[in-house]
Amino acid sequence: LGFIIPAVRIRDDLTLSSNQYRIRIGQTIVGDDLIYPDRKLAIPGDDTNIKLDGIEVKDPSFGMDATWILPSQQNEAEEKGYVVVAPESVLATHLSQIFYKHSGKLIGQDDVQTLLDNLSQTAPSLVESLVPKLVPLHNLTGVLRELLSERVPISDLRIILESLAGLVGKNLSVIETAEAIRPNLAGLLIQQVAPLNKALPVITFNSELEHMLIKMAKQNGEEGLVLDNELATKLISNISDLNQKLVSEGNTAVLVVSPNIRRQISGIIRQHVEDLIVLSFTELPDNRKVNVVATIDGGS
């Protein structure tokens, strides 16, 4: 995502059983699951429907059906189309996914200063003219945290600073600033979903729902988009069901909405469907083919 993750310390928690583990950021538990050191995790391939003897679970990283099997079953599992993963790899992948989801909480001002020091070697004038003279370090850190919280890579810090330079004097908040520079970074985010030679799979709202949400956001003014419980429940349920279906089929898609409601929709959805990326229409590159895989309405 563009910065070095701080050192990680792993320690035993004597309150847990021998098969349990927890992942914390600070004092907050952000992940936990069961792991079986004397077994291996068998994950079925796309065309596999043969059951294996073992402990049936959900893969902790991606929520896929999986089975903890004995090492002696590995050859049988692989012959039947399963991918067999060692327990330490299961834990490492889960840890990586947790870092990916919570990267915005992990980056601090010292990390950002290190990134600036590295960029100064190739673009010294850009860094010196902008930070901290026009953009304080804590503001830049806030913008980067906001981008990372929505999975936007910050690996191209030069583009980020050049974008920030064009926004100086507009008196934007940290959130508004991050939103304004997103289109310049969207390519980095999109390439995580689909390679350049493939169409980008997208989910959209139908025009009636889209227009209704935009109207509601305008009517609410500074409060932004506020949904009543019934509409919010239906919308989240439809999106969650569709996303689970796509994931179970081994597919990934992004939700594309109007830029007027992108941030608000993303905030609502992320509370319930963490792994769905929400883009605005302005963030889709002109040279990228798009494949609409589903359209959502506001009904049940």
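Predicted model, so just to flag it, every value in this text is computed and none were measured.

I keep staring at the overall build of the protein chain and nothing clicks. Help me out?
Each helix and strand counted, the protein chain has 11 helices and 10 strands in total. C-alpha atoms of the protein chain, sized along the principal axes, occupy 65 × 50 × 40 Å. Here the analysis covers contacts within the protein chain between residues at least 6 apart in sequence; of these, 69% occur between residues at least 24 apart. Accessible area for the protein chain stands at about 16900 Å²; split by element, carbon and sulfur atoms hold 48% of it.

What is the right way to look at the sheet that holds strand 3 (residues 40–44) in this model?
The pairing of strands in a sheet happens through backbone hydrogen bonds and is either parallel or antiparallel. The four strands lie next to each other as 4-5-3-6, forming an open sheet whose pairing is antiparallel. The strands lining the two open edges of the sheet, one partner per strand, are strand 4 (55–58) and strand 6 (82–85). Each neighbouring strand pair of the sheet contributes to a mean axis angle of 30 degrees, computed without reference to strand direction. Note: strand 3 against strand 6, four bridges, orientation antiparallel. Across the sheet, the residue bridging to Ile43 is Val83, located in strand 6.

Please explain the sheet that holds strand 9 (residues 277–280) as it appears in this structure.
One open sheet accounts for four strands, arranged 9-8-7-10; its pairing is parallel. The open sheet terminates on both sides in strands that have one partner only, identified here as strand 9 and strand 10 (290–296). Strand after strand, the sheet turns through a mean of 35 degrees between neighbouring axes, direction not considered. Here four bridges tie strand 8 (residues 254–257) to strand 9, and the two strands are oriented parallel to one another. For Val257, the partnering residue across the bridge sits in strand 9 and is Ser280. Each of strand 7 (200–205), strand 8 and strand 10 is contacted by helix 9 (residues 207–220), which is oriented at about 65 degrees to strand 7, the strand it contacts most.

Please clarify how the pattern of salt bridges should be interpreted in this entry.
Side-chain pairs of opposite charge can arise where the charged atoms are in close proximity. Counted according to the given criterion, the structure contains 10 salt bridges. Among the ionic pairs, Glu150 bridges to Arg270, the shortest N-O distance being 3.9 Å. In this pair, Glu150 sits in the loop between helix 6 (137–149) and helix 7 (157–165) while Arg270 sits in helix 11 (residues 262–270), placing the two residues 120 residues apart along the sequence. The partly exposed category is assigned to Arg270, whose relative accessible area is 29%. With its nearest N and O atoms 3.3 Å apart, the salt bridge here joins Glu230 to Lys234. Taken together, the residues span about one helical turn, with Glu230 and Lys234 both in helix 10 (residues 229–248) at a distance of four residues. The class of Glu230 is exposed, set by a relative accessible area of 53%. Each of Glu150, Glu179, Arg182, Arg262, Arg270 and Glu283 takes part in salt bridges that share partners, so that together they form one network.

I tried to follow the side chain of Glu283 on my own but got confused; where do I start?
Within the secondary structure, Glu283 sits in the loop between strand 9 and strand 10. Assessed through its relative accessible area of 4%, Glu283 is described here as buried. A distance of 2.8 Å separates a polar atom in the side chain of Glu283 from the backbone nitrogen of Ser280. Aside from chain neighbours lying at most four places away, what touches Glu283 is Arg182, Pro183, Ala186, Ile190, Arg262 and Val278.

Cut-offs applied
Residues numbered from 1 in each chain as written. Predicted model: local features only at pLDDT ≥ 70, side-chain atom pairs only at ≥ 80, totals over all residues. Heavy atoms only, no water. Helix = DSSP H or I, 4+ residues; strand = E, 2+ residues; numbered from the N terminus. Contact = heavy atoms within 4.5 Å. Areas by Shrake-Rupley, 256 points an atom, 1.4 Å probe, with all protein chains shown as cover. Pairing = 2+ DSSP bridges. Axes fitted to C-alpha atoms, helices over the stretch in contact; angles between N-to-C directions. Salt bridge = Lys/Arg side-chain N within 4 Å of Asp/Glu carboxyl O. Buried < 20%, exposed > 50% of the residue type's maximum accessible area, 1.4 Å probe, protein only. Polar contact = N/O pair within 3.5 Å; in protein donor to acceptor, adjacent residues only side chain to side chain.

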